[in-house]
Structure formats: C-alpha cells, structure tokens
Amino acid sequence: MTRAFLPGLELARLFHAEVVAPILNTALDRVPYSAALIGWGSEVQGFDTARSTDHAWGPRMQVFLSSGDFRAHADELDALLDRELPQTFHGYPVRFPFPDNAPARHWVHVNDLQGFFTEHLGEDPAAGLSVSGWLTTPTQVLRELTGGTVFHDGLGLLDSYRQELTWYPDDVWRYILACQWMRLSQEEPFVGRCGEVGDDLGSAVVAARQVRDLMKLCLLMNRVYPPYEVPPLRGSG
C-alpha cells in the first residue's frame, strides 16, 4: 500500500504494450489474436483504489484466439507465458493466488473468443442475442463483458461482440423497466403497513429494499447495467 497506486486498467495496458504484446507477436507470428481486460474485478469498472490491491491484484488480461487457433496453440502459449513473464511489473507481482489459498499463477488467460462469450451468455452473440438470452443474462455479466478496455483486436471480432452487448434492444429494455416498476409497486405499501402495527424495524427493512430497487431502476433508465450490488461501488474489491 506504500507504492504509488496505478489503476488496474492502466497497469494492464502498460503490461500488454511492454511485456505481453512482444511475447505474443514473436510466438504467434501471423496468427491473429485479440487482447483485453474485461470480466470480473473492480478495476474493469474503474472503481479500484489503493485498497483494491490487498487481494487478487496484479497485471492481468485475457488473450483471445479463434477456436481453431485456440486448440492448436493455447497450451503451448500458456506455458511460454509462464516462462517468459517477469516476476513483477511496476512493483506489482505478475503471479498471485486467487482465491488466497490457491497456487500463485500468472493471469494472462488464453481463451477461445467465441467460447468465452458463449460460456458467459449461453449463446454466441455474433448474430445478436435472442430475447431469452437478454432476459436470462445477469446485468452484472453484461456489465463485465462491456466494461474494461480492448488493447488489440487482431481477430476483428472482440469490439463487435462488445458493441452488440452495449445495451438492450428497445423492446427488451421497456419490458425490463416495466418489471422493475412492478417489483417496486408490490412492496411499496408495506413500508407504511409495517409502521401501522408498530414494526419499525420491518418498515426500515422494506424501505431499504425499495431504495435499492429505485437505484437499480435509475440505472436502467439511464442505460447503465446495474452491478451485482448497487451501493457502495468505489473502493469495492
């Protein structure tokens, strides 16, 4: 916590430019790849602070290959990265455990691009998500897949995948807004009714849920995918 804090997205950008890209360009030669930092982590959403460095912290990113190239190169490339990556970068460990009791490892994950998105969404978004795909995918997942930064898109697909997921189709969005309003309406009377019978604690609990759901509604109205927990955001893991 004594070193100057470097936000995770900037740390990953520098790590790709100075360390990972030279290794990949040599190892893959003319095999196209894409690289990004998306998915889990407060740094992906830009909410990281120096406190975030107390666990699961260091330079990390995803490297994406086509399905065929993934099958042909993934294991060899992962082993090469394990050999060639430095021990530290800008004062942060390149290999760290997560969860804490797991063995330390580097966090440049090699992925099948199509498989990565299909695993998270249940279907390939290349042709557009189905209505059921939109409605069954948690907003946190959509936020993770559209957050972060793409450092290189040699495959020419990663940016288009993320663009496809930028926001709900209009009819799906209106349906989700209606559901959120319905959720609020079903509990709204019970703030006062709990108070009428002297249950002040129950009234406070219901009111807190209403505030949480109103915050989620405001995010949805402003075309922002709600995170898994609305308050607090900054400084969280």
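So, here's what we can say about the structure. (Residues numbered from 1 in each chain as written. Predicted model: local features only at pLDDT ≥ 70, side-chain atom pairs only at ≥ 80, totals over all residues. Heavy atoms only, no water.)

1. Notes on the side chain of Glu43
Tracing the sequence through the fold places Glu43 in the loop between strand E1 (34-37) and strand E2 (61-65). For Glu43, a relative accessible area of 3% translates into the label buried. In terms of polar contacts, Glu43 uses its side chain to reach the side chain of Arg60, at 3.0 Å. Apart from the residues within four sequence positions on either side, Glu43 is in contact with Gly8, Leu9, Leu37, Asp48, Trp57 and Arg60. (Helix = DSSP H or I, 4+ residues; strand = E, 2+ residues; numbered from the N terminus. Buried < 20%, exposed > 50% of the residue type's maximum accessible area, 1.4 Å probe, protein only. Polar contact = N/O pair within 3.5 Å; in protein donor to acceptor, adjacent residues only side chain to side chain. Contact = heavy atoms within 4.5 Å.)

2. A word on the pairing of E2
For E2, the buried fraction is high: 5 of the 5 residues fall into the buried class. Alternating residues of E2 divide into Met61, Val63 and Leu65 and Gln62 and Phe64, and every residue in both groups is buried. Where E1 and E2 come together, 3 bridges link them in antiparallel fashion. Residue Ala36 lies in a different strand from E2, and its bridge partner there is Gln62. Note: E2 against strand E7 (residues 108-112), 5 bridges, orientation parallel. Within the sheet, the bridge partner assigned to Gln62 lies in E7 and is His109. (Pairing = 2+ DSSP bridges.)

3. Concerning the sheet that holds E7
Spatially, E7-E2-E1-E8 is the arrangement adopted by the 4 strands of the open sheet, whose pairing is mixed. The sheet terminates laterally at E7 and strand E8 (149-153), the two strands that pair on one side only. Within this sheet the neighbouring strands show an average axis-to-axis angle of 20°, counted without direction. Examined bridge by bridge, E1 and E8 share 4 bridges and lie antiparallel to one another. When the sheet's bridge partners are listed, Ala36 is paired in E8 with Val150. The strands touched by helix H3 (residues 113-121) are E2 and E7; relative to E7, the strand with the most contacts, the crossing angle is about 90°. (Axes fitted to C-alpha atoms, helices over the stretch in contact; angles between N-to-C directions.)

4. Thoughts on the packing of aromatic side chains
Inspection of the entire model under this criterion finds 15 aromatic pairs. The interplanar angle of 65° and the centroid separation of 6.5 Å between the aromatic rings of Trp57 and Tyr92 together place this pair among those described as edge-to-face. On the criterion of sequence distance, the pair formed by Trp57 in the loop between E1 and E2 and Tyr92 in strand E4 (residues 92-93) is long-range, its members being 35 residues apart. Residues Trp57 and Tyr92 agree in their burial class; the two are buried. Note on Phe96 and Trp107: the rings are 5.4 Å apart at their centroids and 10° apart in plane angle, and the pair reads as stacked. Taken together, the residues span a long stretch of sequence, with Phe96 in strand E5 (residues 95-96) and Trp107 in the loop between strand E6 (105-106) and E7 at a distance of 11 residues. For Phe96, a relative accessible area of 4% corresponds to the buried category. An aromatic cluster of at least three residues, connected via ring pairs, comprises Trp134, Trp167, Tyr168, Trp173 and Tyr225. The aromatic ring of Trp40 is capped on one face by Arg60, whose charged end is 3.7 Å from the ring centroid. Above the plane of the ring of Trp173 lies Arg223, whose end atom (NZ or CZ) is 4.1 Å from the centre. (Phe/Tyr/Trp six-rings, centres within 6.5 Å; stacked < 30°, edge-to-face > 60°. Lys NZ or Arg CZ within 6 Å of the ring centre and 35° of its normal.)

Interpretation in functional terms is not warranted from these geometric data alone.
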